[in-house]
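# Fold and geometry: a report
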Amino acid sequence: QLNDDGTPVLDPLTGKPFETYDNEDIECLAKAWTGFERQNVRSNYEELDDRPGDNKMDPMYITPEARDPFPKSNLNGGFIGDGYVLCKDLPAQSFLKKDAGYRLLGGKDSPFFEDDEN
């Protein structure tokens with residue numbers, strides 16, 4: 001772990017740096033990537049490497065049965081997604097309220113914010 005200035009956070013009892021993560025953290029975070037499968041190969045582009053049948057053009061799809069359904073811990077003692085408001089906790093029809101924002105991310109592999117002038 002690091003302080004805001006980049007120096008290591010030290011254990012006050014031993015004076016040694018705190019460990020950032022351990023094998024249990026690695027195993028838990030790795031489970032977040034389960035269930036992703038590559039799309040089938042299409043005929044309208046050429047493979048650029050020597051592994052035919054490995055479609056890297058299209059987004060991967062998720063196989064729900066292969067997903068690990070349990071929460072994933074983060075490195076700060078909480079869980080990934082903590083702090084986000086759940087949809088069920090939002091006010092009714094909050095997307096229709098005055099000054100509600102809309103962000104168009106676009107249809108690219110690496111989305112970026114686009115302003116919707118309409």
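Data block above holds the structure.
Along each chain, the written sequence defines residue order, and numbers are assigned to residues from 1. Where local features are concerned, this predicted model is filtered to residues with pLDDT of at least 70; where side-chain atom pairs are given and counted, the filter is 80 or more; whole-chain, interface and lining totals use all residues. Only hydrogens and water are set aside; all other atoms, that is, all heavy atoms of the structure, feed into the side-chain values.

Looking only at helices and strands, one finds one helix and two strands in the chain. Strands are runs of DSSP state E lasting at least two residues, helices are runs of H or I lasting at least four, and both sets are numbered from the N terminus onward. Listed N to C, the secondary structure of the chain is α-β-β in terms of helices and strands. Across the chain, contacts joining residues at least 24 apart in sequence account for 34% of those joining residues at least 6 apart. A total accessible area of about 10,800 Å² is found for the chain, and carbon and sulfur atoms account for 54% of it. By definition, residues are in contact when any of their heavy atoms lie within 4.5 Å. Using a 1.4 Å probe, the Shrake-Rupley method yields the accessible areas, and only the shown protein chains count as cover for residues.

Attention now goes to the packing of aromatic side chains. Pairing of aromatic rings covers Phe, Tyr and the six-membered ring of Trp, with a centre-to-centre limit of 6.5 Å; geometry is then stacked below 30 degrees between planes, edge-to-face above 60, and tilted otherwise. Here the structure, examined in full by the defined rule, presents one aromatic pair. Ring geometry for Trp 33 versus Phe 36: centroids 6.0 Å apart, planes at 40 degrees, classification tilted. With a 1.4 Å probe rolled over the protein chains alone, any residue whose accessible area is under 20% of its type maximum counts as buried; one over 50% counts as exposed, and the rest are partly exposed. Phe 36 gets classed as partly exposed once you look at its relative accessible area, which sits at 29%.

Take the pattern of salt bridges next. Where charged atoms from two side chains of opposite charge come close, those side chains can pair. In the sections that follow, a salt bridge refers to a side-chain nitrogen of Lys or Arg positioned within 4 Å of a carboxyl oxygen of Asp or Glu. Enumeration according to the criterion identifies one salt bridge in this entry. We note a salt bridge from Asp 68 to Lys 72, for which the minimum N-O separation is 3.1 Å. Classification of Asp 68 as partly exposed rests on a relative accessible area of 22%. Under the relative-accessibility criterion, Lys 72 is labelled buried at 9%.

Turning next to unusual backbone geometry. Located in the positive-phi region is Gln 93, a residue other than glycine, with phi close to 50 degrees. With respect to the helices, strands and loops of the structure, Gln 93 is situated in the segment after β2 (61–62). Judged by relative accessible area, which is 53%, Gln 93 ranks as exposed. In this structure, Asp 99 is a non-glycine residue whose phi angle is positive, near 70 degrees.

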